[in-house]
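Residue-level listing of the chains:
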Amino acid sequence: MIVTEPSADPIHKQIARAWAPGHAHAEGLIRRALVLLADHELNASTFTVRCAASTGISLYDAMIAGLVALKGPRHGGVGPLAAKLLDTLLAGDIAAIIRERVALGEIFPGFGHMIYRDGDPRAVSLFGALLNIGIDKRLAVEIPERIREATGAFANNDYALAVMRRALDMPAGSETALFAIGRTAGWIAHAIEQLESKKLIRPRARYMGPVPGRS
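The model shown is predicted, which means the values in this text are computed figures rather than measured ones.

**Comments concerning the overall build of the protein chain**
When helices and strands are tallied, the protein chain shows ten helices and zero strands. N-terminal to C-terminal, the α/β element order of the protein chain is α-α-α-α-α-α-α-α-α-α. Buried residues in the protein chain amount to 39% of all 215 residues. A separation threshold of at least 6 residues defines the contact pool for the protein chain, and within that pool the share at least 24 residues apart is 74%. Looking at the protein chain as shown, the accessible area adds up to about 12500 Å², and 57% of this sits on carbon and sulfur atoms. If the 25 positive side-chain charges of the protein chain are averaged to one point and the 21 negative ones to another, these points end up 8 Å apart.

As structure tokens, this is what we get:
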């Protein structure tokens, strides 16, 4: 565990010192990632934050609610899964492994997005910055293109974060931590807005099961 003294330095500088010491491009890449991840309308964790804040809890408690929602393997937990996929692909024949996974019906963590059907602009921005510093093109070009050709799914920000973590040699699992740090800014803004509204979020639900008394 890395322990550092409290600092007033910008958070991207602190992260770079702790997780990518000595890497000339770490600060810029981390700052870019944090800005890209700051907010993304009402995804699962942000909606959870707003619901929690609407009950009148503190900002601290609302952030805890967001972190709990972020842990799920279909949300913030995708980053480490994308990193494992990357390790698997780079350990063998990329094209053959992709063909095999497609044939077996296996998913590709870090690819596809509910909103960005034609490509995630956050991933595009990170890939551009990573390619500018000379990373292995297999990571940001070949693998995304081959998976898109095989599945129709574009790389999303989770895969891009996995590539960035590998390029900067940051600790395993830091993908999710970076996501959480960046998104905290958006969560706080949403929570403050919800608290100021003094309105409780109470969605309605419609029963869709079998009608009682009918066989």
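The discussion continues.
**Notes on unusual backbone geometry**
The phi dihedral of Asp169 is positive, around 55°, even though this residue is not glycine. Inspection of the secondary structure puts Asp169 in the loop between α9 (157-168) and α10 (174-197). The exposure class of Asp169 is exposed, given its relative accessible area of 65%. The phi angle at Lys198 is positive, at roughly 55°, despite the residue not being glycine. With a relative accessible area of 75%, Lys198 lands in the exposed category.

**Concerning the pattern of salt bridges**
Evaluation of the coordinates by the stated rule reveals nine salt bridges. One salt bridge in this structure joins Asp120 and Arg122, with 2.9 Å as the shortest N-O distance. Comparing Asp120 with Arg122, the two get one shared label, buried. Arg165 is the salt-bridge partner of Glu175, the closest N and O atoms lying 2.6 Å from each other. You can see Glu175 sitting in helix α10 and its partner Arg165 sitting in helix α9, a full ten residues away along the chain. A single burial state applies to Glu175 and to Arg165, both of which are buried.

**Quick notes on the nonpolar core**
If you look at the biggest cluster of nonpolar residues, it comprises 47 residues, and the most contacted ones within it are Ile30, Phe111, Ile143 and Met164. Discounting residues that sit within four places of it in the chain, Ile30 has contacts with His12, Ile15, Ala16, Met164, Leu168, Met170 and Leu178.

**Considering the packing of aromatic side chains**
In this description, an aromatic ring pair is defined by two values, namely the gap between the centres and the angle between the planes. If you walk through the whole model with that rule in mind, you get two aromatic pairs. Consider the rings of Phe111 and Tyr159, whose centres lie 4.9 Å apart with planes at 50°: the pair is tilted. In this pair, Phe111 is assigned in the loop between α6 (94-104) and α7 (121-132) and Tyr159 in helix α9, connecting sequence segments 48 residues apart. The same class applies to Phe111 as to Tyr159, namely buried. Between Phe127 and Tyr159 the ring centres are 6.0 Å apart and the planes differ by 70°, which places this aromatic pair in the edge-to-face class. You can see Phe127 sitting in helix α7 and its partner Tyr159 sitting in helix α9, a full 32 residues away along the chain. Look at Tyr159 and you get buried, because its relative accessible area is 0%.

**Topic: the packing of helix α2 (residues 26-37) against α10**
Interhelical geometry of α2 versus α10 gives an angle of 60° and a closest axis separation of 7 Å. Considering their axes alone, α2 and α10 lie oblique with respect to each other. The crossing of α2 and α10 is right-handed. Between α2 and α10, the residues in contact are Ile30, Leu34 and Leu37 and Leu178, Phe179, Ile181, Gly182 and Arg183, respectively. The class makeup of the residues in the contact of α2 with α10 is six nonpolar, one polar and one charged.

**Here's the deal with a nonpolar patch on the surface**
The grouping of Leu59, Ile188 and Ile192 at the surface amounts to a nonpolar patch, some 200 Å² of accessible area in total. Note on placement: Leu59 falls in helix α4 (residues 59-70).

**Thoughts on α2**
Here α2 is twelve residues long and its end C-alpha atoms lie 16 Å apart, about the 16 Å a rise of 1.5 Å per residue gives. Within the sequence span of α2, burial applies to Ala26, Leu29, Ile30, Ala33, Leu34 and Leu37. Down the axis, α2 shows its buried residues gathered within 130° of arc, on one side only.

Reading the values: the criteria
- Residues numbered from 1 in each chain as written.
- Predicted model: local features only at pLDDT ≥ 70, side-chain atom pairs only at ≥ 80, totals over all residues.
- Heavy atoms only, no water.
- Helix = DSSP H or I, 4+ residues; strand = E, 2+ residues; numbered from the N terminus.
- Buried < 20%, exposed > 50% of the residue type's maximum accessible area, 1.4 Å probe, protein only.
- Contact = heavy atoms within 4.5 Å.
- Areas by Shrake-Rupley, 256 points an atom, 1.4 Å probe, with all protein chains shown as cover.
- Lys, Arg positive; Asp, Glu negative; His and termini not counted.
- Charge placed at Lys NZ, Arg CZ, Asp CG, Glu CD.
- Salt bridge = Lys/Arg side-chain N within 4 Å of Asp/Glu carboxyl O.
- Core = buried A, V, L, I, M, F, W, Y, C linked by side-chain atoms within 4.5 Å.
- Phe/Tyr/Trp six-rings, centres within 6.5 Å; stacked < 30°, edge-to-face > 60°.
- Axes fitted to C-alpha atoms, helices over the stretch in contact; angles between N-to-C directions.
- Parallel < 35°, antiparallel > 145°, perpendicular 65-115°, else oblique.
- Left-handed = near helix turned anticlockwise from the far one by under 90°.
- Nonpolar A, V, L, I, M, F, W, Y, C, P; charged D, E, K, R; others polar.
- Patch = residues over 30% accessible without salt bridge, like charges linked within 9 Å, V, L, I, M, F, W, Y side chains within 5 Å.
- Expected span 1.5 Å × (residues − 1).
- Arc of directions from axis to C-beta.

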